[in-house]
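An overview of the molecular structure
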Amino acid sequence: MADNTIPQVELNNGTTIPQLGFGVFLVDPPEAERVVTDALEIGYRHIDTAAIYRNEEGVGRALASSGVPREELFVTTKLWNTDQGSDTALPAFETSLDKLGLDYVDLYLVHWPAPQRDTYVESYRVLEQILAAGRARAIGVSNFLVPHLERLLAETSIVPAVNQIELHPYYQRRDLVEFGRSRGIHTEAWGPLSQGKSPLLQDPMVTAIADAHGKSPAQVVLRWHLEEGTIIFPKTTSRERAAENFDLFDFELSASEHAAITALDRDERLGGDPLEVN
Ligand code: NAD
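Here is a short report on the structure shown in this document.

Time to look at the overall build of the chain. Helix and strand content of the chain: 10 helices and 10 strands. Across the 278 residues that make up the chain, the buried fraction comes to 56%. Put simply, 75% of the contacts in the chain that link residues at least 6 apart link residues at least 24 apart. As displayed, the chain has an accessible area near 11400 Å², and 49% of this comes from carbon and sulfur atoms.

Following the sequence through the fold, H258 ends up in helix α10 (residues 255–262). A polar contact of 2.6 Å, which involves the side chain of H258, links it to the side chain of E228. In this structure H258 touches W224, E227, E228 and L253, once residues within four positions along its chain are discounted.

Let us look at the side chain of E128. By the element assignment, E128 lies in helix α4 (residues 120–132). Despite its burial, E128 remains without a salt bridge, the nearest opposite charge being carried by R125 at 5.2 Å. Setting aside anything within four residues of it in sequence, one finds E128 in contact with I139, T156, S157 and I158.

Before going further, it helps to spend a moment on the pairing of strand β6 (residues 105–110). For β6, the buried fraction is high: 6 of the 6 residues fall into the buried class. With 4 bridges connecting them, strand β5 (residues 74–79) and β6 associate as parallel partners. Each residue of the ladder has a partner; that of T77, found in β6, is Y108. Between the parallel pair β5 and β6, the chain is carried across by helix α3 (residues 89–100), and the sense of this crossover is right-handed. Of the strand pairs in this sheet, β6 and strand β7 (residues 136–142) are connected by 5 bridges, and their pairing is parallel.

Locating A114 in the fold gives a position in the loop between β6 and α4. Residue A114 is classed as buried on the basis of its relative accessible area, which comes to 0%. Not counting the four nearest positions on each side in its chain, A114 is found in contact with N81, Q84, P274, V277 and N278.

Two side chains that carry opposite charge are able to pair once their charged atoms sit near each other. Following the criterion strictly, the structure yields 18 salt bridges and no others. Two residues, R239 and E41, come together in a salt bridge whose shortest N-O distance is 2.7 Å. Taken together, the positions of R239 in helix α9 (residues 239–246) and E41 in helix α1 (residues 29–42) put the pair 198 residues apart, joining distant regions of the chain. With relative accessibility at 38%, the residue R239 sits in the partly exposed group. With its nearest N and O atoms 2.9 Å apart, the salt bridge here joins R151 to D118. Residue R151 is located in helix α5 (residues 146–155), and its partner D118 is located in the loop between β6 and α4; the two are separated by 33 residues in the primary sequence. For D118, a relative accessible area of 42% puts it in the partly exposed group.

What counts, and where the lines are drawn
- Residues numbered from 1 in each chain as written.
- Predicted model: local features only at pLDDT ≥ 70, side-chain atom pairs only at ≥ 80, totals over all residues.
- Heavy atoms only, no water.
- Helix = DSSP H or I, 4+ residues; strand = E, 2+ residues; numbered from the N terminus.
- Buried < 20%, exposed > 50% of the residue type's maximum accessible area, 1.4 Å probe, protein only.
- Contact = heavy atoms within 4.5 Å.
- Areas by Shrake-Rupley, 256 points an atom, 1.4 Å probe, with all protein chains shown as cover.
- Polar contact = N/O pair within 3.5 Å; in protein donor to acceptor, adjacent residues only side chain to side chain.
- Lys, Arg positive; Asp, Glu negative; His and termini not counted.
- Salt bridge = Lys/Arg side-chain N within 4 Å of Asp/Glu carboxyl O.
- Pairing = 2+ DSSP bridges.
- Right-handed = clockwise from strand over helix to strand, strands pointing away.

In structure tokens:
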């Protein structure tokens, strides 16, 4: 399957990113190479990893052996909290590049604001230097709330290209998404399937819509995200599910189906609290 079915989103500096990618949180390091190889064979070209996932080496091996030209790949990784700081961020970035076997990444993110450390501004300034040096094509943040974004916008010069946040039908965070939109910061959703933790995929509304289209509940939820304009990278270690999660472009939700999923919002955060993860 070719990648040309996947919509490209233009970020605020002109870089384009495939709207659908593949995430590797909690993919065991020894399994990462096989899982990412499967994903690339299916047609994914956008891979989302992080230093803290400890699988950058496996991801890098899969990228290298895939034969996919570097310019067709979009690779994101992230600066871990304990590496934040004006002296530590650059060496951490270089370690990630080495492990990935790349000479640039497409997107580099500050993983959490970690407000008790109070180092996200100085860390982001290092990302600005990385961008200027051409070693990342775009930079951004993750898990930032409006006050963190406001401070960053006030104290640094480059508007983050993205804010990667927990977001799914049960946790839609309209104010934060809208704030980003108003400033040119594109939202990426982590946990788009609510990490398989909540009953979202068994929700009767989701299963009824899935049945109506002959699609799976996961496909319906992922389709809803795409129609919202959000960038997603669902994770699975199963090749079959990876193919299922890529097969989202032969159906659409009707306006009333889309609205019915939007109406499921219940402000239900499943992951860490950005004010507390440090
Ligand atoms: P997800 O919502 O993608 O859920 C993954 C889980 O959903 C799988 O483990 C599996 O249990 C289930 N699943 C996947 N495909 C399915 C299918 N077709 N049918 C039924 N169940 C299915 O959660 P995630 O992995 O946490 O999020 C996606 C990616 O976001 C991560 O891999 C990672 O790259 C990124 N992420 C970022 C942060 C951050 O702090 N920035 C945090 C968590 C995740």
